[in-house]
Amino acid sequence: MASCPLLVIYNPVCGDSTAEAFFNEHIFPRLEEAHLQVVQKIATGAAGHAGTIVSEFIEKYEGDVTVILGSGDGTLHEIINALSLELLKGTREKVASSSVRLVLVPCGTANALYCSLFKPDSMHEGPAYKLKSLEAFIGDSNVVPLTLAITTISSPQSTQQSCHKVAISAVVTSTALHASILHDSESLRKEMPGIERFKVAAWNNITRWYSSQVKLLPTPSAGVVEIYDPDQKTFVTRDDDDHGIVDVIGPFAYFLSTVNVDRLEPAFRITPLVSEFVPAEVSLDIVMVRPHRDPTFVTDTTGARQAFAEKATAVLTAAYQDGNHINLKYADDGKITTEGTGPTVVEYIRCGGWEWIPDDIDEKAQLLCSDGAIFSIEKGGKAVCRAAAPADGPRFVVYV
């Protein structure tokens, strides 16, 4: 613990803008009490600053470094992308096999990774809860490695100069409703700094469907795509698996994948099986909702979308009920229940990755969210997301 160079970063404007006060009142005094020497302490000043700080810091050292990070998931996203993408360009060879050891201090809006690693007992946890990762570091406790989701956003193959963007997430990669929520909620941040803005954005987009094709990619070792069966209470191989790759036709009301987390807010357990059925290998958990699975669906009309919005709302509501949305089924009359043998409302998938190929005429389907950062897929292009354990770049681990 003490042998690793120690960097302290906090984002003073994330969440409710109380990170600086929390660090001055709790973090720095605790570090002094533990006789831990900080090499550098700094507040971020703009978007992307955190990545630059950590990049410059680790360039000075060949071995592991420890970063105490006071922020939300977005600032961690900046750091992981800055280090990983620069390493992909071949820089910083000396630290290629080193670890960035993260001490998380939750100061953001939702703090999905922290709340997944340290399950909250209530919505209003005190300072001691926010210090759990720090105390694990001081006590030289365990670390857990982070799986990364690497998404390549490519332009159409027909273009003369093929363009690729790479986004790396440690929490969530999404399209459809979740990407629209994150895209629209940013304009609400000033008036609604808390998670309320996500619910407002969700309501504004709840009747929308997203036109896209999807390919589900198998996990590397098992070579299959699995789906959760709520009757058997376990994952089973999809019966439409064709040599490992599964083609899925839209439209989609919801499409989201996570790594490392079972929730995106303290009570919003959107991928609960991450913690209940811990993955045996590097993989993604996907939650998707396709309106055409509704046995009462006839044709795509405004009325049909408005009627299905009630069912999409029921899914999101049940996610706040300890992840119960994965048990929801359709009755013959289209009503949602947890009984019977009807098709599941949610398709809960575990696989190695996915391809999202949006319809050119559906602009909202071209949005992609990577840990809160929003990207746009060019018309005729696609996004390919794969789960990966860092092999060439720095290994990211978190004190728990």
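Parameters at a glance
Residues numbered from 1 in each chain as written. Predicted model: local features only at pLDDT ≥ 70, side-chain atom pairs only at ≥ 80, totals over all residues. Heavy atoms only, no water. Helix = DSSP H or I, 4+ residues; strand = E, 2+ residues; numbered from the N terminus. Buried < 20%, exposed > 50% of the residue type's maximum accessible area, 1.4 Å probe, protein only. Polar contact = N/O pair within 3.5 Å; in protein donor to acceptor, adjacent residues only side chain to side chain. Contact = heavy atoms within 4.5 Å. Pairing = 2+ DSSP bridges. Axes fitted to C-alpha atoms, helices over the stretch in contact; angles between N-to-C directions. Expected span 1.5 Å × (residues − 1). Disulfide = S-S within 2.5 Å.

Enquirer: If you had to explain unusual backbone geometry to someone new, which residues and values would you point to?
Expert: Residue Pro251 is reached from Gly250 by a cis peptide bond, and omega for that bond is 5°. Relative to the elements of secondary structure, Pro251 occurs in the loop between β12 (246-249) and β13 (254-258). At His35, a residue that is not glycine, the phi angle is positive and equals roughly 60°. One non-glycine residue, Ala176, adopts positive backbone phi at about 50°.

Enquirer: Outline helix α7 (residues 176-185), supporting the account with residue identities and numerical values.
Expert: The buried count for α7 comes to 8 of 10 residues, which makes it a mostly enclosed element. Of the positions making up α7, those classed as buried are Ala176, Leu177, His178, Ala179, Ser180, Ile181, Leu182 and Ser185.

Enquirer: Requested: an account of the side chain of Thr173, with residues and values cited.
Expert: Relative to the helices and strands, Thr173 resides in strand β8 (residues 172-175). Taking the relative accessible area as the measure of exposure, Thr173 reaches 1% and is therefore buried. In this structure the side chain of Thr173 is engaged in a polar contact, spanning 2.7 Å, whose partner is the side chain of Ser169. In contact with Thr173, not counting residues within four places along its chain, are Ala149, Thr151, Leu256, Ser257, Trp354, Leu368, Cys369 and Cys385.

Enquirer: So what's going on with the sheet that holds strand β1 (residues 6-10)? Which residues, and what values?
Expert: Taking strand neighbours across the sheet as the criterion, the 6 strands line up as β2-β1-β3-β4-β22-β5 in an open arrangement whose pairing is mixed. The open sheet terminates on both sides in strands that have one partner only, identified here as β2 (40-43) and β5 (143-145). Taking each pair of neighbouring strands and ignoring which way they run, the sheet shows an average axis angle of 25°. Across 4 bridges, strand β4 (residues 99-106) lies against strand β22 (residues 395-399) in parallel orientation. Across the sheet, residue Arg101 finds its bridge partner in β22, namely Val397. Running at roughly 160° to β1, helix α1 (residues 19-33) makes contact with β1, β2, β3 (65-71) and β4 of the sheet. Against the sheet, helix α2 (residues 49-58) contacts β1, β2 and β3, and its axis sits at roughly 170° relative to β1.

Enquirer: So what's going on with the side chain of Ser116? Which residues, and what values?
Expert: By secondary structure assignment, the location of Ser116 is in helix α4 (residues 112-117). For Ser116, a relative accessible area of 6% gives the class buried. Here Asp262 takes part through its backbone nitrogen, which lies 3.2 Å from a polar atom of the side chain of Ser116. Excluding residues within four positions of it along the chain, Ser116 makes contact with Asn260, Val261, Asp262 and Arg263.

Enquirer: Describe the sheet that holds strand β19 (residues 367-370), with residues and values.
Expert: The strand order across the open sheet formed by 8 strands is β11-β10-β17-β14-β13-β8-β19-β20, and the pairing between neighbours is antiparallel. Both edges of this open sheet fall to β11 (234-237) and β20 (373-376), since each of them pairs with a single strand only. Each adjacent strand pair in this sheet contributes to an overall mean axis angle of 25°, direction not counted. As paired strands, β8 and β13 are joined by 4 bridges and run antiparallel to one another. Pairing of Ser174 across the sheet is with Leu256, part of β13.

Enquirer: Outline helix α10 (residues 302-319), listing residues and values.
Expert: Residues spaced three or four apart along an α-helix face the same direction, because each turn holds 3.6 residues. With 18 residues, α10 ought to run about 26 Å at 1.5 Å a step, and its terminal C-alpha atoms sit 26 Å apart, in line with that. All of the buried residues along α10 are Phe308, Ala309, Lys311, Ala312, Val315, Leu316, Ala318 and Ala319. Here the buried face of α10 lies against α7, β13, β14 (284-289), β15 (329-330) and β16 (336-337).

Enquirer: Before we move on, can you summarise the state of the cysteines with the specific residues and values?
Expert: Within the structure shown, the criterion is met by 0 disulfides. There is no disulfide at Cys14, and the cysteine sulfur nearest it, in Cys107, is 5.3 Å away. The class for Cys14 is buried, based on a relative accessible area of 9%. Judged by relative accessible area, which is 6%, Cys107 ranks as buried.

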